[in-house]
Amino acid sequence: MTSEVQIHADLETRDKYDQAIITRIAVTPFRFNEDKDVTFQELVDRTLYLSFDQDEQIAMGRVSGVETEKWWSEQTEELRIESYYPTANDMKAADVLMECKRFLSRWNYNHFKSFLWARNCGFECFKIQSLNDQLFPGEKHIFNHWNWHEVKTFNHILSGGETTKWRHPDESKWGFQEHNARHDSAMDTFRMIQLWHGNI
């Protein structure tokens, strides 16, 4: 497992279910052994972070949910600008997936051997899978759906089930913004690496 590149992915969306409108995607590559001393900021800097054209997804029949929209309405304006609202850099969904494919290739992603990680991996996995199937029906998934693994399970096992051990004592100094896909992906990756090496 440690010799192949690992991939962490995080999404922000407008619903909980598989056909949700996706607003952001973040993809963080790493290797457990080589990244022993990597910092949170270094992981943020290496993370691919893209914004989706939401109007296109609405036209495709993807949906938003009342509960999720209510949740977004209760968040700070700063977070909504970062993670929810359309941006000047929004991309068509097919272009996002193709950019992800190129990015994975540059990091030598192995479709059959590289693990994919997410916190609540069913949330990320099936949304990406459904979008892939809509855009490229019958084609091989860019993210191999057989290789998704759960970050929370990893954390529970390596921390001995103690949730407080997931967190580095200096996290509050790093400007971490929860529900910012780039930050969430980098932080989950950082915590897994730290737990792997017994540093937290």
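The following refers to the structure shown. (Residues numbered from 1 in each chain as written. Predicted model: local features only at pLDDT ≥ 70, side-chain atom pairs only at ≥ 80, totals over all residues. Heavy atoms only, no water.)

1. Side note on helix 7 (residues 151–158)
Two residues of an α-helix separated by three or four positions point the same way, owing to the 3.6 residues in each turn. As a reminder, the rule being used: Burial here depends on accessible area, computed with a 1.4 Å probe over protein chains only, as a share of the maximum for the residue type. Under 20% is buried, over 50% is exposed, and the range in between is partly exposed. Here a helix means four or more residues in a row that DSSP labels H or I, a strand means two or more in a row labelled E, and each is numbered from the N terminus. The arc refers to the directions leading from the helix axis to the C-beta atoms. Should any heavy atoms of two residues lie within 4.5 Å, those residues are considered in contact.
Here helix 7 has its buried residues at Val-151, Phe-154 and Asn-155. Projected onto a plane normal to the axis of helix 7, the buried residues spread over an arc of 95° and lie on a single side. Check the buried side of helix 7 and you find it contacts strand 1 (6–13), strand 4 (116–118), strand 5 (148–150) and helix 8 (181–196).

2. Description of a nonpolar patch on the surface
Rules: Candidate patch residues must exceed 30% relative accessible area and have no salt bridge, after which like charges are joined if within 9 Å and Val, Leu, Ile, Met, Phe, Trp or Tyr side chains if within 5 Å. Every accessible area reported is derived by Shrake-Rupley at a probe size of 1.4 Å, with residue values counting cover from the shown protein chains alone. What counts as a salt bridge is simple: a side-chain nitrogen of Lys or Arg found within 4 Å of a carboxyl oxygen of Asp or Glu.
A surface patch of nonpolar side chains, about 290 Å² in accessible area, is lined by Ile-157, Leu-158 and Trp-196. Residue class for Ile-157 comes out exposed when judged on its relative accessible area of 62%.

3. Regarding the layout of surface pockets
For the record, the criterion: Note on definitions: the grid is 1 Å and covers protein atoms alone; a cavity is a set of points where a 1.4 Å probe fits but cannot get out; a pocket is an open set with protein on both sides within 12 Å along at least five of seven lines; lining residues have an atom within 4 Å of a point. Grid points are joined across faces, edges and corners, and a volume is the space filled by probe spheres set on the points. Residues are sorted three ways: Asp, Glu, Lys and Arg are charged, Ala, Val, Leu, Ile, Met, Phe, Trp, Tyr, Cys and Pro are nonpolar, and all the rest, Gly among them, are polar.
What the largest pocket holds in volume is close to 400 Å³. Counted by class, the lining of the largest pocket contains 4 nonpolar, 4 polar and 9 charged residues. Empty space within the second largest pocket amounts to approximately 230 Å³. Met-98, Lys-101, Leu-104, Ser-105, Tyr-109, His-111, Asn-132, Phe-136, Glu-139, Lys-140, His-141 and Ile-142 are the residues that line the second largest pocket. The leading source of residues in the lining of the second largest pocket is helix 5 (residues 93–106), at 4 residues. Of the residues contributing to the lining of the second largest pocket, the split by class is 5 nonpolar, 4 polar and 3 charged.

4. Describing the packing of helix 7 against helix 8
What counts, and what does not: Orientation is described by lines fitted to C-alpha atoms, with helices fitted over the stretch in contact, and by angles between N-to-C directions that extend from 0 to 180 degrees. By definition in this entry, angles of less than 35 degrees are roughly parallel, angles greater than 145 are roughly antiparallel, angles of 65 to 115 are roughly perpendicular, and the rest are oblique. For any pair of crossing helices, the crossing counts as left-handed if the nearer helix is rotated counterclockwise from the farther one by less than a right angle, and right-handed if it is rotated clockwise.
Contact geometry of helix 7 with helix 8 gives a least axis separation of 10 Å together with a crossing angle of 30°. With respect to each other, helix 7 and helix 8 are oriented roughly parallel. Relative to helix 8, the crossing made by helix 7 is left-handed. On helix 8, the residues touching Val-151, Phe-154, Asn-155 and Leu-158 of helix 7 are Asp-188, Met-192, Leu-195 and Trp-196.

5. Focus on the pattern of salt bridges
Counted by the stated rule, this structure contains 12 salt bridges. Note that Arg-46 and Asp-35 form a salt bridge whose closest N and O atoms lie 3.0 Å from each other. Of the two residues, Arg-46 is situated in helix 1 (residues 40–46) and Asp-35 in the loop between strand 2 (22–30) and helix 1; the sequence distance between them amounts to 11 residues. A relative accessible area of 10% means that Asp-35 is categorised as buried. Two residues, Lys-70 and Glu-74, come together in a salt bridge whose shortest N-O distance is 2.5 Å. Beyond isolated ion pairs, a larger network of salt bridges with shared partners links Glu-99, Arg-102 and Arg-106.

6. Points about the pairing of strand 2
For the record, the criterion: By this definition, two strands are paired if DSSP reports at least two bridges between them.
Taken across its 9 residues, strand 2 has 9 buried, putting it largely inside the fold. Bridge count for strand 1 against strand 2 is 8 bridges, and the pairing is antiparallel. In the sheet register, Ile-7 faces strand 2, and the bridge partner there is Pro-29. In the sheet, strand 2 pairs with strand 3 (residues 48–51) via 4 bridges, with the strands oriented antiparallel. Within strand 3, the position partnered with Ala-26 by the bridge is Tyr-49.

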